[in-house]
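Fold and geometry: a report
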Amino acid sequence: MTHINKLKIFNDPIYGFITIPNELIYDLIQHPYFQRLRRISQMGLSYLVYPGANHTRFHHALGCMHLMKKAIDTLRFKDVAISEEEENALLIAILLHDIGHGPFSHAMEKSIVEDVHHEAISLLFMNQLNEEFDGKLSLAIQVFKGEYHRKFMLQLISSQLDMDRMDYLKRDSFYTGVAEGNVNSERLIQMMNVENDVLVIEEKGIYSVEKFLLSRRLMYWQAYLHKTSLVAELILMKVLKRAKELTLKGINLPCSEPLLFFMQNKITLEDFDAEKLDLFSQLDDFDIISALKAWQRQDDFILSTLSKMIINRDLLKIKISAEKISIEESQAMKEEFAQDHHISLLEAGYFIFRGKIKNQAYSKAAEPIRILKKDKTIEDVVEASDQLNLKSLSKLVTKYYICFPKQLI
């Protein structure tokens, strides 16, 4: 039997060479569950706005693992004891943190799979992999669930300054070309330390934290909540909702078997057994795009019109404002559109709808980003900062939107 060299290197456009640290991680990356992430875009339909934003969750997961390795090395250098087993658990937990994302993530969570959060599915995948790998992921799962006694380890995976955010801000900024999101993850990691079992940033790193939070806020407005990305994702949710509605009425729609299964059945978290998880693992962006291409030619006016909108990037108009949008305004539009197209008011709701978006770069309600001062006291970054803008960054900003067809302008 030929021996496979499993200590491979990936060439990443952001960090340069990323090394696979050991054979177990190589085997996890090779697993079909993980390879599927190559077919799931990191930023959903944002490529309709930023043509370069075609990077995948596979890229992102490897980047997070690379940053985690750097964080572990930094903490060890500062005499924080991290055993080889704990290191492996951290690397595996961050590598697999997004493995439960479905195609076009958030659109799926709100339409096809009934309110099942991707983190819950990630955990199901981890448990399944743990069985296949004879329990070698047990500690990683414990850390991921926040059940491990060393609290700072969960903070490296999931907090307001974790490896996940550090990678996606830098990566998404790179691929979209939105320079404002480019964070200095190297510097932030160098400033990390652990005090009383919690993650802290040394005082001299405070400006890097401020820049990180500001970048996060700007990336939300410019990229993640960009009005065109937003309307495209909302249309996709409506398409999937309509397709599910028609399927449950017994109408046969052309699509892949895994997608058909999730449209025919109401699947909640309790329903996810090994068989359903396997079906879910066969779903990716290609299932959705090829379905949209086929659905353009369906008889149903709603399904075909909305599918064409995404395929041809001829989207609904979206108006965003700081003020709430009145029901009367949307109702009048619905009535006019329903009349023009001989559809019901309920059906017109697929084309004219309201909602709200929120942006909060830093949450005071969540666990704080802690600054370790020179006198060894620890302060929340908002209190430690001399910048007034951090107080405004922790304010929740809500904006309201209405979507409607172009002919109603």
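See the structure above.
These lines cover the structure that appears in this document, whether it is placed above or below. Because the structure is a prediction, the values reported are computed rather than measured.

Cut-off values and rules
Within any chain, residue numbers begin from 1 and follow the written order of that chain's sequence. Since the coordinates come from a predicted model, pLDDT governs what is reported: local features require at least 70, and pairs of side-chain atoms require 80 or more to be given and counted, while whole-chain, interface and lining totals use all residues. Heavy atoms from the whole structure form the basis of all side-chain values; hydrogens and water molecules are not counted. A run of H or I in DSSP becomes a helix once it reaches four residues, and a run of E becomes a strand once it reaches two; helices and strands are each numbered from the N terminus. C-alpha atoms define the radius of gyration in this analysis, and the globule rule sets the expected value at 2.2 Å times the number of residues to the power 0.38. Each residue gets one of three labels from its accessible area relative to the maximum for its type: buried under 20%, exposed over 50%, partly exposed in between, using a 1.4 Å probe on protein chains only. Contact criterion: two residues are considered in contact whenever any of their non-hydrogen atoms come within 4.5 Å of each other. Only the protein chains shown count as cover for residues, and the accessible areas themselves come from Shrake-Rupley with a 1.4 Å probe. The positive count covers Lys and Arg only, the negative count covers Asp and Glu only, and His and the chain ends enter neither. Think of each charge as sitting on NZ of Lys, CZ of Arg, CG of Asp or CD of Glu. The pairing test for Phe, Tyr and Trp rings, Trp by its six-membered ring, is centres within 6.5 Å, and the orientation test on the planes gives stacked under 30 degrees, edge-to-face over 60, and tilted for anything in between. Criterion for a charge above a ring: Lys NZ or Arg CZ within 6 Å of the ring centre, and within 35 degrees of the ring normal. One requirement defines pairing of two strands: DSSP has to find at least two bridges between them. Axis definition: a line fitted to C-alpha atoms, over the contacting stretch in the case of helices. Angles run 0 to 180 degrees between N-to-C directions. Any carboxyl oxygen of Asp or Glu that lies within 4 Å of a side-chain nitrogen of Lys or Arg is treated as forming a salt bridge with it.

Some words on the overall build of the protein
Tallying secondary structure elements over the protein gives 20 helices and nine strands in all. For 409 residues, the compact-globule estimate of 2.2 N^0.38 gives 22 Å, and the protein sits close to it at 23 Å. Its C-alpha atoms give the protein principal-axis dimensions of roughly 70 × 65 × 35 Å. The buried share of the protein, taken over its 409 residues, is 55%. Within the protein, contacts between residues separated by at least 24 positions form 71% of all contacts whose residues are at least 6 apart in sequence. Split by element, the accessible area of the protein, about 18700 Å² in all, is 50% carbon and sulfur. For the protein, the distance from the average position of its 51 positive side-chain charges to the average position of its 56 negative side-chain charges is 5 Å.

Considering the packing of aromatic side chains
Tallied over the full model, the rule gives 13 aromatic pairs. One aromatic cluster is present, built from ring pairs that chain together Y33, F125, F261, F262, F272 and F280. Positioned over the ring face of Y350 is K241, at 5.3 Å from the centre of the ring.

Here's the deal with the sheet that holds strand β8 (residues 378-380)
If you walk across this open sheet you meet the four strands as β3-β4-β7-β8, and the pairing is mixed. The open sheet has two free edges, formed respectively by β3 (192-195) and β8, since each of these has just one partner strand. On average, each strand axis in the sheet is tilted by 45 degrees relative to the strand beside it, whichever way the strands run. The pairing of strand β4 (residues 198-202) with strand β7 (residues 370-372) spans three bridges and is classified as parallel. Along β7, the bridge assignment pairs V200 with R370.

Details of the pattern of salt bridges
Applying the stated criterion to the full structure yields 21 salt bridges. The salt bridge involving K78 is made with E202; its shortest N-O contact spans 3.0 Å. With a gap of 124 residues between them, K78 in the loop between α3 (57-77) and α4 (84-95) and E202 in strand β4 connect regions that are remote in the sequence. Given a relative accessible area of 22%, K78 falls into the partly exposed group. Residue classification places E202 among the buried residues on the basis of a relative accessible area of 15%. In this structure, the salt-bridge partner of K145 is E147, at a minimum N-O distance of 3.8 Å. A relative accessible area of 43% means that K145 is categorised as partly exposed.

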